[in-house]
Amino acid sequence: MSFDLTTEQRERLKQRILRMSLHFGKEDVQKPLILVSTPGSLLETGFQQAQKYLMDGQAVHLVGHGVTLQHVRPEWVSSHSGAKFILTELGAYVSEAFVTPWNLALRNAVRKWLGQCFKKAASELEAEKIFLSSVINRFLCLDNDPSRYTSMVKIHADSEFIFTDPYWEGAWIHQTLEKRTSRAGCLWAQVLFATKIFFLLPIYSCAAIFRILKNYLGSKQGVRKIAIRREATQKKKPEAWFVLAANNKRINAQLVKHIIHGLPKAMGLFLSGDLRMLIQKDSDLKSAKSDIFLEGLGDLLKHLEHFSLDQIVWPDSITSIFWCIYQCWVIQIKSVIAVIKQGPFLELGEGVRINFNHYMPQILRILSIDLLSAQIGYETARLIFKRQELEGIPVVFASANSPELSTFCWYLAQKGAHCVEHLHGTHAAASEASPIKFRWDQSERETSRLLGEKVIFAGTPPLLDIKRLDRSLHEPVRILFLSNYVHRDSVTQGRYPAFCFQEEMLGTIPLIQTQLFSSQLRWRPHPADSREAVYKTSEKYKTLNLSLTGTIEKDLNWADIVISSLSTSISQALLMGLPVFVHLIPDFQGSYQTCFISSKRIFFRSNELAPKIIEFLEHYLYRKNEAFQPEREARVALFGVLERPTGFWDGLSAIDLSD
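Values in this document were obtained by computation on a predicted structure and should not be read as measured data.

Calculation rules
- Residues numbered from 1 in each chain as written.
- Predicted model: local features only at pLDDT ≥ 70, side-chain atom pairs only at ≥ 80, totals over all residues.
- Heavy atoms only, no water.
- Helix = DSSP H or I, 4+ residues; strand = E, 2+ residues; numbered from the N terminus.
- Buried < 20%, exposed > 50% of the residue type's maximum accessible area, 1.4 Å probe, protein only.
- Contact = heavy atoms within 4.5 Å.
- Areas by Shrake-Rupley, 256 points an atom, 1.4 Å probe, with all protein chains shown as cover.
- pLDDT = per-residue confidence, 0-100.
- Patch = residues over 30% accessible without salt bridge, like charges linked within 9 Å, V, L, I, M, F, W, Y side chains within 5 Å.
- Salt bridge = Lys/Arg side-chain N within 4 Å of Asp/Glu carboxyl O.
- Polar contact = N/O pair within 3.5 Å; in protein donor to acceptor, adjacent residues only side chain to side chain.
- Axes fitted to C-alpha atoms, helices over the stretch in contact; angles between N-to-C directions.
- Left-handed = near helix turned anticlockwise from the far one by under 90°.
- Nonpolar A, V, L, I, M, F, W, Y, C, P; charged D, E, K, R; others polar.
- Pairing = 2+ DSSP bridges.
- Phe/Tyr/Trp six-rings, centres within 6.5 Å; stacked < 30°, edge-to-face > 60°.
- Lys NZ or Arg CZ within 6 Å of the ring centre and 35° of its normal.

Notes on the overall build of the protein
- Along its length, the protein carries 23 helices and 22 strands.
- Every one of the 659 residues in the protein was classed for burial, and the buried ones make up 58%.
- Taking contacts inside the protein between residues at least 6 apart in sequence as the whole, the part at least 24 apart equals 76%.
- Total accessible area on the protein stands at roughly 28,600 Å², and carbon and sulfur atoms take up 53% of it.

Quick look at the confidence of the model for the protein
- With 86% of its residues at a pLDDT of 70 or more, the protein has an overall mean of 83.
- The least confident element of the protein is strand β8 (residues 278-281), whose mean pLDDT is 42; the most confident is strand β21 (residues 580-583), at 97.
- Scored below 50 in pLDDT, residues 279-293 makes 30 contacts in the model with residues more than four places away or belonging to other chains.

Describing a nonpolar patch on the surface
- A cluster of nonpolar residues, F198, F199, L200 and I203, forms a patch on the protein surface that exposes about 460 Å² of accessible area.
- For F199, the location among the structural elements is in helix α9 (residues 183-232).

Details of the side chain of D310
- If you trace the backbone, D310 turns up in strand β10 (residues 307-311).
- Among the polar contacts made by the side chain of D310, one reaches the side chain of R387 at a distance of 3.0 Å.
- When residues no more than four places from it in sequence are discounted, the contact partners of D310 are I226, R230, W241, L269, F270, L271, I384, R387 and Q388.

Observations regarding the packing of helix α15 (residues 499-506) against helix α17 (residues 531-538)
- The geometry of α15 relative to α17 is characterised by a closest axis approach of 10 Å and an angle of 35 degrees between their N-to-C directions. For the pair α15 and α17, the sense of crossing is right-handed. When α15 is examined against α17, the residues F499, Q502, E503 and L506 are found in contact with a partner set consisting of A533, V534, K536 and T537.
- For the contact of α15 with α17, the class distribution of residues is four nonpolar, two polar and two charged.

Re unusual backbone geometry
- At the junction of E475 and P476, the peptide bond is cis and its omega measures out at 5 degrees in the coordinates.
- You can see P476 is positioned in the loop between β16 (454-457) and β17 (477-483).
- In this structure, V313 takes a positive phi of about 70 degrees despite not being glycine.
- With respect to the secondary-structure elements, V313 resides in the loop between β10 and α11 (318-342).
- Unlike most non-glycine residues, E643 shows phi in positive territory, near 60 degrees.
- Examined against the element boundaries, E643 turns out to sit in the loop between α22 (629-639) and α23 (648-653).

A word on the sheet that holds strand β1 (residues 21-24)
- Read across the open sheet, the five strands follow the order β1-β4-β3-β2-β5; overall the sheet is mixed. Two strands lie at the open edges of the sheet, namely β1 and β5 (161-163), each paired on one side alone. Taken pair by pair, the neighbouring strands of this sheet meet at an average axis angle of 20 degrees, ignoring direction.
- In terms of strand pairing, strand β2 (residues 33-36) meets strand β3 (residues 60-64) through four bridges, oriented parallel. The residue bridging L33 from the neighbouring strand is V60, located in β3.

Focus: the packing of aromatic side chains
- Scanning all chains against the criterion turns up 23 aromatic pairs.
- When the ring of F242 is compared with that of W649, the centres are 5.9 Å apart and the planes differ by 75 degrees; the resulting orientation is edge-to-face. With F242 in strand β6 (residues 240-245) and W649 in helix α23, the pair connects residues that are 407 residues apart, well separated along the chain.
- A residue is classified by how much of its surface remains accessible, and W649, at 15% relative accessible area, is buried.
- Judged by centre distance (6.4 Å) and plane angle (80 degrees), the rings of F385 and Y411 are edge-to-face. One end of the pair, F385, is in helix α12 (residues 360-387); the other, Y411, is in helix α13 (residues 403-414), with 26 residues separating them in the sequence.
- Each member of the aromatic cluster is reached from another via a ring pair, and the members are W113, F118, F131, F193 and F356.
- The lysine or arginine in question, R522, covers the ring of W558, its NZ or CZ lying 4.2 Å from the ring centre.

Side note on the environment of L617
- Mapped onto the elements, L617 comes out in helix α20 (residues 609-622).
- Overall, L617 belongs to the buried group, its relative accessible area being 13%.
- L617 sits 144 residues away from L473 along the chain, and the two C-alpha atoms are 9.4 Å apart.
- Sequence-distant contacts of L617, that is, excluding residues within four places in its chain, are made with L473, L516 and I561.

Re the environment of P344
- In this fold, P344 is placed in the loop between α11 and β11 (345-349).
- Judged by relative accessible area, P344 falls into the buried class, the value being 1%.
- Residues P344 and C186 lie 158 residues apart in sequence; the distance between their C-alpha atoms is 8.7 Å.
- Among all residues touching P344, those that are not within four sequence positions of it are A189, Q190, F193, I354, N355, F356 and N357.

A short note on the side chain of H487
- Looking at the element boundaries, H487 is found in the loop between β17 and α15.
- If sequence neighbours within four positions are ignored, H487 has contacts with Y496, H526, A528 and D529.

Focus: the sheet that holds strand β19 (residues 544-546)
- Spatial ordering of the open sheet is given by β19-β18-β17-β20-β21-β22, a layout of six strands whose pairing is parallel. Looking at strand neighbours, the two that pair on one side only are β19 and β22 (602-603), the edges of this open sheet.
- Direction of pairing for β17 relative to strand β18 (residues 519-525): parallel, over a ladder of seven bridges. Pairing of R478 across the sheet is with Q520, part of β18.
- Helix-sheet contacts for α15 involve β17, β18, β19, β20 (561-565) and β21, and the interaxial angle to β17 is about 175 degrees.

Side note on the pattern of salt bridges
- Tallied over the entire structure, the rule returns 12 salt bridges.
- Its salt-bridge partner being K237, residue E389 comes within 3.8 Å of it at the nearest N-O pair. You can see E389 sitting in the loop between α12 and β13 (394-397) and its partner K237 sitting in the loop between α9 and β6, a full 152 residues away along the chain.
- E389 gets classed as exposed once you look at its relative accessible area, which sits at 57%.
- The class for K237 is partly exposed, based on a relative accessible area of 43%.

Laid out in structure tokens, this is it:
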């Protein structure tokens, strides 16, 4: 992988940076100090440091998430007339040339590292596939993309860099690019790495064993009830099996809708995860709470009689659990030696490397709970394959990212089952354990090509109003906001780096109300968003109704206009014929994943949105056929000339079972 910029890429990146920058103070030729406000740190800290340097006469270039937004900038910035002061969005340094190669570089580096560390210790498991998705997700969730920082170094080669958090991974990558990591520093990192593993791994291992035993004992009754039902009912061989996690409502929900739409087929259902809520009542399986059945299954409970039912990822006895623990210890001892031998650095190429000392909790979890979970998944997969006829049968996973499900998926695929991962959304991280992927739409076609995935574009959630493509507007106009800026997975050092973008998106409300005579406003944050962060924004707008319960279909049916952050909800709104305005933050502007969105429907700063809504309403009143043209073009780009996704069951039947 190369981080070098061609002349064309460099010029394009300079133009991108210029578009996403604000200039204050004196314009001179002095090279400014590059001050990077790191994700997870307070933006106020970056501005305070910038002000200190500016008062000393030093030109400053402050880079960070949201620094150009008016509600983020301190009052003194607008009136600053001293030394040159530049504000630039951190996302401006995301070069399109780096987006996919970075993912490929990380995947290749992690794949090689897993093979070197676990191949001899866990010879019966293909660690490169089983752990790959889990390990990458552990690193990516920590904002560990080096492309922004390498771009900064290439563009501002002669400038001095200062980071608000000197221990941030971006600061480490900068040091390695500048060759400022001494041999003594590398030796110290090696010693620190080995010491932490020796002293902390026993603690993590004990916690992992306690967690597994607790979940197993708590789920034992549910496992027993499923076994009784399995033995008491005789069903014909299922045409397909579905794997659902007992406690993952978000991931299950979309797949469950498709399963219900295919009920005439003979199907099987594998339940995994925490089964402690499961009891038997009236010869059926129900929850101790009347309105919950293995959270996320919803209406599927009404149709259980159509399914062959089995449980996975739990052995049949406590003896098997302890056998898995013993095997895990044997693998762990060998693996720890290999991990320490490999050292604390993950090489990505051209001097760019990740320091595992910065991610010690993640490394320790891989060596403890991930290893133990994978071993349990392997043992139970062997039992299931003996118990069920799965060779040549499609087995569909709501997710195969966790180590136990990745192991189960990998084992079944090795034995001839046709394993399919139904990915939740367009930007979902896929597991390499599943040979076939279902993606919602074609926005990630290029990613799938570069990853070498066998992809079927199918599985967008079925919607009741999918045929309502030319919708009538209500009076007052109903506007629905959809956002995901404070998702629980986006926490960095206890903070939400994208919170400022949520504030900016909702900051369009006063402008909309000023320019539209009459409107009703509703905000649906992501179900996994921080409630505290949501309330902090919503309390500023008394006329804004929060939608925290119910289905997204209900909110989309209510709406006339949708204003959304980058989300899978965009596809759903487009299929329901709604005009969709997308709040596109700098990180994704110009990306191939967003090229299906018309420039007429994109905004970043709050003052850019209201004129575009007014333009849409004018087209709707006088040239109705033209009003929805951007949405038609988006549907064609996502789903083809028919403007419809391939049905889930059609996609499943397209799998070549002769492979």
